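Residues per chain, in single letters:
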Amino acid sequence: MMNFIKKNVIVALYGLVVLLMVAGCSGNQDEASASEGDSDGGQSSNSAVEIEFWYGLGGNLGDNMKRIIDEFNQSQDEVVVTGIAQADYSETYQKLQAAIAAQQVPAAVLLGSDTVNALAQKQALAPMDSFIAEQADFEESDFVEAFYHQGNVNGTQFALPLYGTTQVLYYREDVFNELGISPDALNNWETLLEAAETIKEEKEIYGWMPMWGSGNLIDATLSRGGTILNEDGTEVTIDSEEWIDTWEFFRKAIHEDEVMGLQHGGQGWEYWYKTIDDVLQNRAAGYTGSSGDQGDLDFTIVSAHKQPGWEGDDPAPVADALQGSITALASEEEQQAAFKFLSYFTSPEVTADWSMNTGYIAVRKSARDVAEFQQFAEENPQILVPLEQAETASTPFIDPTGGKITDAISKAADLVEIENIPAEKALSDAKEEAQQALDEILTNN
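Just so we're clear, the structure is a prediction, and the values are computed from it rather than from any experiment. (Residues numbered from 1 in each chain as written. Predicted model: local features only at pLDDT ≥ 70, side-chain atom pairs only at ≥ 80, totals over all residues. Heavy atoms only, no water.)

A. Quick peek at unusual backbone geometry. Even without being a glycine, N154 presents a positive backbone phi close to 55 degrees. One can find N154 in the loop between β4 (152-153) and β5 (156-157). We note that N420 has phi near 60 degrees; this positive angle belongs to a residue other than glycine. By relative accessible area, N420 is classed as partly exposed at 32%. (Helix = DSSP H or I, 4+ residues; strand = E, 2+ residues; numbered from the N terminus. Buried < 20%, exposed > 50% of the residue type's maximum accessible area, 1.4 Å probe, protein only.)

B. Structural detail: the packing of helix α3 (residues 89-102) against helix α4 (residues 113-121). Two numbers describe how α3 lies on α4: the axes approach to 12 Å, and their chain directions differ by 15 degrees. Regarding the angle of α3 to α4, the classification is roughly parallel. The two elements α3 and α4 cross, and the hand of that crossing is right-handed. Each of Y93, L96 and I100 in α3 lies in contact with α4, whose residues at this interface are T115, A118 and L119. (Axes fitted to C-alpha atoms, helices over the stretch in contact; angles between N-to-C directions. Parallel < 35°, antiparallel > 145°, perpendicular 65-115°, else oblique. Left-handed = near helix turned anticlockwise from the far one by under 90°. Contact = heavy atoms within 4.5 Å.)

C. The environment of T237, seen in detail. Residue position: T237 is located in the loop between α9 (214-223) and α10 (241-256). Along the primary structure T237 and L427 are separated by 190 residues, whereas in three dimensions their C-alpha atoms are 9.6 Å apart. If sequence neighbours within four positions are ignored, T237 has contacts with T227, I228, L229, N230 and W243.

D. Here's a closer look at the side chain of Q307. If you trace the backbone, Q307 turns up in the loop between β8 (302-305) and β9 (319-326). Assessed through its relative accessible area of 3%, Q307 is described here as buried. Here the side chain of Q307 touches D219 through a polar contact of 2.8 Å, side chain to side chain. Here Q307 is in contact with Q167, V168, L169, W189, D219, T288, P315, P317 and Q389, once residues within four sequence places are set aside. (Polar contact = N/O pair within 3.5 Å; in protein donor to acceptor, adjacent residues only side chain to side chain.)

By themselves these figures say nothing about function.
In structure tokens, the structure reads:
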């Protein structure tokens, strides 16, 4: 019995000591929190809101995104952003759809304008209007108008443009100079093809490389006066003469004349970087690529040029904006944190920094007033080529079917570029598929 009492006394005393130690530690933690609090209500770095930001960038672009995220995290103690890289824009969209279905979403995500529209229609994105209204120094008028409005769906702002992009030409000056080919040959597609034929004959390398996918083909078609829909939006017009002639031009150059090369397939952006390597390693004299490629290019080897038009038609390629959006399923606290990060990314200094280091187009007009940008443009004139092209560019097509028309066009592009199917056949079949999808939408509405 005595041993039982002694044992219980010892246990009780041990428990009392533990309680005293815990109380003491708790008091010290409270004091530490109070001493670390800021002027906005005593929030400490330990109470920072943690969010994920998904983006589909690799190479130099991915490295710069990581750097800017790190700089944002170091610039304040209210929000901590964890960047999650995906293989490309398409994979980001696919994984986001799966995350929405599982209700396990990132707070912020990088999307194309078409996917912003599709997700906004499904109420999967959070409206930004209230966040914008609460930010006293938000200047809508300072955003490049064409880019900013791409994030607006039915009068509500669902995204902020993080950077603008357009497809431009990159060519090897040494090859052009050696063969006496003027850069003016790049002013229209007909003379570019003539230059490509000369280069293939004289140098036994590809004279040009379009970038795999429908993007380059659509740009060239728009520059010939083609449209995707008729004026009232009731008919798909991708089987018109402008489309067929343009796409047949590229099919013949790739498969019959073999003066143009094409990289395709692979994981993520693999085909893109292989195309760049073909030019930098002198297997091709030039290619059509993104303004964002400038961070991966050696401008002692290549120069930049605006996209061509056609004889009698001015160039009209698309200028698109990659958008930062906030998911509707994120908590209110996470949404506010996401908007804080997106606002930081679109500040004049950061958008200028992004443009200088990647070649993408700054989304704020005042970015051009940043001293570092002005000096950079003087030393690197290629950065101005996308800016100049964007001034007269076409706006991106927003697919009213949620992607079925653009999917049909993409499949047709693969048939023409990879499988050597005549443009008329590929586009006629695509027209039928796309028109059926459009008719269903028009009927249901």
